[in-house]
Amino acid sequence: MKLIKDYELVVGLEVHVELSTESKIFCSCPTAFGAEPNTQVYPVCMGLPGAMPFLNKKVVEYAVKAGLSTNCEINSFSRCDRKHYFYPDLPKAYQISQFDIPICRGGWIDIGNKRIGITRIHIEEDAGKLIHHPLNGTMIDCNRCGVPLLEIVSEPDISSPEEAEAYVKKLRSVLVYAGVSDCKMNEGALRCDVNLSVKKIGQSRLGVRTEIKNLNSFAFIRKAIEAEYIRQVNTLERGGQIIRETLRFDTDTGKVYTMRAKEDAADYRFFPEPDLPPIILTVDQIDGIRPQLPELPDSRKKRYSEQFGISDYDADVLVSNRTVADWFEAVAEMSKYPKIAANLTISQLFRLLPADIEEIPLSPAAMAEIADMSGDGEINSSVTKKVLDEAYMRGTSPREYVRENDLAQINDPSVIQATVYRVLSENPALIADYRSGKTNVKKMLMGLCMKLTHGKADPVKMNELLEKLLNSEE
Ligand code: ZN
Ligand code: MN
């Protein structure tokens, strides 16, 4: 995004992530997504008087995993607090969250060469879901009440919509690796609030910030940041003032609208939750969780480029999705040519995969076989593509497919030579064109050669010979 009139953009993000525990944070109700409304409820999460919360141990474990994966310090003592607000999606009229002592603090993640600080990560409960019905009015589904959340608060280190997107993508990748959430944005498992202010370049004091609530796609995050940046700059340029407020991004108009004046901490009347003891974590407990974490994307990326000789960019593509990365590692184990496998995965397979892939419908063994046939020169590049398509679409065995359809690469120099001679002798006009400077007819001749061999000849050798003959003074 281009800056307007030397105004810099200062963004911090609050990301809410639903943890993939089987039960809720303060009761044993299930958390499965998509159940019939109000079938996963119980007095605790309904907020009925007298019901007592008890903390789900898994939530603490997952929060520690998230903290360790994002380079945070884990607090050995933290506690839960009541955060009061009155809204129909919250039956208790307060949310159990963590206020002054969160479970994790002081971490960071890297996006490219930039480090984005993480101020804190705390645990809290999700609210219910309001469903606005055209005839029946607004209804509430309490299934989501008490679903465990992590709130991950970044430092205001983000300076463009693109960086915001990269940060959320990286965070999502890390949390999926850590196994704490599936982070499915279309199911609301990852939602993002944007805190944004602007200041003139070189000015050290931050401007007044606004908050845009509940963005649930990368496109909306980008668009909302851009819209609010432009609004703030225009307001200041007209001599107006930015006021602290909470905004809503309208996905239809692409504009931001005032939702309410910004609450201060005092408005929430925080106080320690009297029904829950503090969360005490010993060093042994934390050290016991550490080895449960898998190798994270940054480390894998480094290892892939060293081990397989692939570019940083390619390594990045392979590691960003854990499903793909695990699959690729299995391929690399089985193949003599992991680099070819990496290239095929990125240039060919990704073409065929849906964006939010959860399972790759091609076995690592099949991919390894294709990479090996290609690396050993048994099949040429266009056949490789075809074999990969077949294996992916129909589960065909690559080697068998090549044998049955007689697709093995023609490496025999005498066949290649005979083909090129034949094509040249049949097309004297094209040769004349080439020699008069229309060198792009070579492509046409090459096409004719490949056609004669049913696309199976070694294109590199064929091309070499063709070029040599065309350029020779006969
Ligand atoms: Zn419940
Ligand atoms: Mn929150």
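Described in the following lines is the structure provided in the data block. Residue positions are given per chain, counting from 1 as you read along its sequence in written order. For this description, chains carry letters from A and ligands carry numbers from 1, given in the order in which they are written. In view of the model being predicted, local features appear only for residues whose pLDDT reaches at least 70, and side-chain atom pairs are presented and counted only at 80 or more, with totals across whole chains, interfaces and linings using the full set of residues. Just so you know, side-chain values use all the structure's heavy atoms and leave hydrogens and water out.

**What about the coordination of the zinc ion (ligand 1)?**
Metal coordination angles have textbook ideals: 109.5 degrees for a tetrahedral set of four donors and 90 or 180 degrees for an octahedral set of six.
Logical step 1: For the zinc ion (ligand 1), the full set of protein donor atoms is Cys27 (SG), Cys29 (SG) and Cys45 (SG), and the range of their distances to it is 2.2 to 2.3 Å.
Logical step 2: Coordination shells were defined by N, O and S atoms within 2.8 Å of each metal, extended to 3.2 Å for Na, K and Ca; water is absent from the atom set, which can make sites look incomplete. Each donor residue of the zinc ion (ligand 1) lies on one chain, and together they are spaced C-x1-C-x15-C. With respect to class, Cys27 is no different from Cys29; both count as buried. Under the scheme applied here, a residue whose accessible area is under 20% of the maximum for its type counts as buried, over 50% as exposed, and between as partly exposed, the area being computed with a 1.4 Å probe on protein chains only.

**Observations concerning the coordination of the manganese ion (ligand 2)**
Logical step 1: Donor atoms from the polypeptide that bind the manganese ion (ligand 2) are His16 (NE2), Glu124 (OE) and Glu151 (OE), placed at 2.1 to 2.2 Å.
Logical step 2: Read from N- to C-terminus, the donor residues coordinating the manganese ion (ligand 2) fall into the pattern H-x107-E-x26-E. Residue His16 is located in strand β1 (residues 7-18), and its partner Glu124 is located in strand β7 (residues 114-125); the two are separated by 108 residues in the primary sequence. The residues His16 and Glu124 share a single accessibility class, namely buried. Secondary structure elements are taken from DSSP: a helix is a run of H or I of four residues or more, a strand is a run of E of two residues or more, and numbering for both begins at the N terminus.

**Considerations on the sheet that holds strand β13 (residues 245-250)**
Logical step 1: The strand order β2-β6-β7-β10-β1-β11-β12-β13-β14 describes an open sheet built from nine strands, whose pairing is mixed. Of all strands in the sheet, those bounded by a partner on one side alone are β2 (73-74) and β14 (255-261).
Logical step 2: Pairing between two strands is assigned when DSSP locates at least 2 bridges connecting them. Pairing between β7 and strand β10 (residues 148-154): seven bridges, direction antiparallel. Across the sheet, Ile121 pairs through a bridge with Ile152, a residue of β10.
Logical step 3: Contacts from helix α3 (residues 161-178) reach β1, β6 (104-111), β7, β10 and β11 (190-200), with the element oriented near 115° to β6. Every residue pair with non-hydrogen atoms within 4.5 Å of one another is taken to be in contact. An axis is simply a line fitted to the C-alpha atoms; with a helix, the fit covers only the stretch in contact. Between two such axes, the angle follows the N-to-C directions and lies from 0 to 180 degrees.

**With respect to the pairing of strand β5 (residues 94-97)**
Along any regular strand the residues' side chains alternate between the sheet's two faces.
Logical step 1: Every second residue of β5 is oriented toward a common face, with Tyr94 and Ile96 on one face and Gln95 and Ser97 on the other, all of them buried.
Logical step 2: Relative to β5, strand β4 (residues 81-84) runs antiparallel, the two being bridged by four bridges. Its bridge partner being in β5, Arg82 is matched across the sheet by Ile96.

**Digging into helix α14 (residues 413-426)**
Logical step 1: Multiply 1.5 Å by the residue count of a helix minus one, and that product is the helix's expected span. Spanning 14 residues, α14 covers 20 Å between terminal C-alpha atoms, matching the ideal 20 Å at 1.5 Å per step.
Logical step 2: Those residues of α14 that fall on the buried side of the exposure criterion are Ile416, Thr419, Val420, Val423 and Leu424. Axial view of α14: buried residues confined to an arc of 125°, hence all on one face.
Logical step 3: The inward-facing, buried residues of α14 contact α15 (428-435), α16 (441-452) and α17 (459-471). The arc under discussion is defined with respect to the helix axis, by the directions toward the C-beta atoms.

**With respect to the nonpolar core**
Logical step 1: In this description, a nonpolar core means a group of buried Ala, Val, Leu, Ile, Met, Phe, Trp, Tyr and Cys residues linked to one another through side-chain atoms lying within 4.5 Å. Core analysis: the biggest nonpolar cluster contains 69 residues, and Leu13, Val64, Ile103, Ile152, Tyr167 and Ile221 have the highest contact counts within it.
Logical step 2: It is helix α2 (residues 57-69) that provides the largest number of residues to this core, a total of seven residues.
Logical step 3: Look past the residues within four positions of Ile152 in its chain and what remains in contact with it is Leu13, Glu14, Val15, Val17, Ile118, Arg120, Ile121, Tyr167, Leu171 and Leu175.

**Examining the layout of surface pockets**
Logical step 1: Every definition here rests on a 1 Å grid over the protein atoms only: cavities are sets of points where a 1.4 Å probe fits but cannot get out, pockets are open sets enclosed by protein on both sides within 12 Å along at least five of seven lines, and lining residues have some atom within 4 Å of a point. Grid points are joined across faces, edges and corners, and a volume is the space filled by probe spheres set on the points. By volume, the second largest pocket amounts to about 1,300 Å³.
Logical step 2: Taken together, 37 residues form the lining of the second largest pocket, with Lys169, Arg172, Ser173, Ser320 and Asn321 sitting closest to its centre.
Logical step 3: Breaking the lining of the second largest pocket down by element, the ones donating at least two residues are β6, α3, α7 (297-308), α8 (312-319) and α9 (322-334).
Logical step 4: Ranked by the residues each element gives to the lining of the second largest pocket, the list is headed by α3, at six residues.
Logical step 5: Residues are grouped as follows: Ala, Val, Leu, Ile, Met, Phe, Trp, Tyr, Cys and Pro are nonpolar; Asp, Glu, Lys and Arg are charged; every other residue, Gly included, is polar. Looking at the lining of the second largest pocket residue by residue, the class counts come to 15 nonpolar, seven polar and 15 charged.
Logical step 6: Domain boundaries shown here were taken from an automatic or database domain assignment. Here the lining of the second largest pocket spans two domains, and each of domain 1 (7-289) and domain 2 (295-404) adds at least three residues to it.

**What to know about the side chain of Glu18**
Logical step 1: Take Glu18: it is sitting in strand β1.
Logical step 2: N or O atoms within 3.5 Å of each other form a polar contact, as long as, within protein, one can give a hydrogen and the other can take it, and as long as residues adjacent in sequence are counted only when both atoms are side-chain atoms. Within polar-contact distance, the side chain of Glu18 engages the side chain of Arg191 at 3.5 Å.

**Focus on empty space enclosed by the protein**
Logical step 1: Within the structure shown, the criterion is met by one cavity of 30 Å³ or more.
Logical step 2: Considered as a void within the structure, the largest cavity measures approximately 60 Å³ in volume.
Logical step 3: Lining the largest cavity, in full, are Cys45, Leu90, Pro91, Lys92, Tyr94, Glu125, Asp126, Cys145 and Gly146.
Logical step 4: Taken together, the residues that form the lining of the largest cavity break down as five nonpolar, one polar and three charged.

**Description of the packing of α14 against α17**
Angle between the axes and distance between the axes are the two parameters that describe a pair of packed helices.
Logical step 1: Two elements in contact, α14 and α17, have axes separated by 10 Å at closest approach and are oriented at 45°. One way to sum up the angle between α14 and α17 is to call them oblique. Our pair here, α14 against α17, has a crossing hand that is right-handed. Across from Ile416, Gln417, Thr419, Val420, Tyr421 and Leu424 in α14, the residues of α17 making contact are Lys461, Met462, Leu465, Leu466, Leu469 and Leu470.
Logical step 2: The class makeup of the residues in the contact of α14 with α17 is nine nonpolar, two polar and one charged. An angle counts as roughly parallel when it lies under 35 degrees, as roughly antiparallel when it exceeds 145, as roughly perpendicular when it falls between 65 and 115, and as oblique in every other case. Crossing handedness: left-handed means the near helix sits turned counterclockwise from the far one by under a right angle, and right-handed means the same turn made clockwise.

**Some remarks on the packing of aromatic side chains**
Logical step 1: Aromatic pairs are defined between Phe, Tyr and Trp rings, using the six-membered ring for Trp, whenever the two ring centres lie within 6.5 Å; interplanar angles under 30 degrees are classed as stacked, those over 60 as edge-to-face, and all others as tilted. Counted under the stated rule, the structure contains six aromatic pairs.
Logical step 2: Both rings, one in Phe220 and one in Phe249, keep their centres 6.1 Å apart while their planes meet at 55°; by these two values the pair is tilted. Of this pair, Phe220 sits in helix α4 (residues 218-237) while Phe249 sits in strand β13, and the two are 29 residues apart along the sequence.
Logical step 3: Seen in terms of ring centroids, Phe308 and Phe328 are 5.5 Å apart; in terms of plane orientation they differ by 90°. Their pairing is edge-to-face. Residue Phe308 is located in helix α7, and its partner Phe328 is located in helix α9; the two are separated by 20 residues in the primary sequence. With respect to class, Phe308 is no different from Phe328; both count as buried.
Logical step 4: Taken together, Phe99, Tyr268 and Phe270 form an aromatic cluster joined through their ring pairs.
Logical step 5: Whether a charge sits over a ring depends on NZ of Lys or CZ of Arg being within 6 Å of the ring centre and within 35 degrees of the ring normal. One Lys or Arg, Lys83, reaches over the ring of Tyr268 and ends 4.4 Å from the middle of that ring.

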